[in-house]
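# Descriptive structure summary
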Amino acid sequence: QVRLMESGGGSVEAGGSLRVSCAVSGVNFDRYCMGWFRQAPGKEREGVATINGDGITLYSASVKGRFTVSEDKTKNILYLQMNMLKPEDTAEYYCGRGGHYCWLIRASDFTYWGQGTQVTVSA
């Protein structure tokens, strides 16, 4: 059974940092694309970053250079380190499990989702 559970969200001022985590069960990180997405009120779910079993990462243009996705395969935890946060990064952040390959950062390619964790960045 696949389960994903995010944690670590919170409130921070612009320019600050946060790390969100996703505890995963029922997924072999070596075999699947894992990703982070976010959704602000009234907007569609937006891809943030993905990582494949070889550790190859993809980032959206809006976060590249500021966010870092990583995996701890010994603990089955997915991380998203967010630096230089901006008010426009405010959203509910979700982790997800995709297919065997990370071709695009596209929500429709992801099958399993966590419940989300809120990140709020104040100006």
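Look up a bit, the structure's there.
Attention in this report is confined to the structure presented alongside it.

So, on to the pairing of strand 3 (residues 18–25). Two elements, strand 1 (residues 3–7) and strand 3, share five bridges in a ladder whose sense is antiparallel. Note on strand 3: the bridge partner recorded for L4 is V24. Where strand 3 lies against strand 8 (residues 77–82), six bridges are found, and the strand directions are antiparallel. Residue pairing for strand 8: S21 is matched across the bridge by Y79.

Within this structure, the stated rule accounts for five salt bridges. The partner of D109 in a salt bridge is R106, and the shortest N-O contact between them spans 3.1 Å. Look at D109 and you get partly exposed, because its relative accessible area is 30%. One network of salt bridges, with partners in common, ties together R38, E46, R66 and D89.

What counts and how
Residues numbered from 1 in each chain as written. Predicted model: local features only at pLDDT ≥ 70, side-chain atom pairs only at ≥ 80, totals over all residues. Heavy atoms only, no water. Pairing = 2+ DSSP bridges. Helix = DSSP H or I, 4+ residues; strand = E, 2+ residues; numbered from the N terminus. Salt bridge = Lys/Arg side-chain N within 4 Å of Asp/Glu carboxyl O. Buried < 20%, exposed > 50% of the residue type's maximum accessible area, 1.4 Å probe, protein only.

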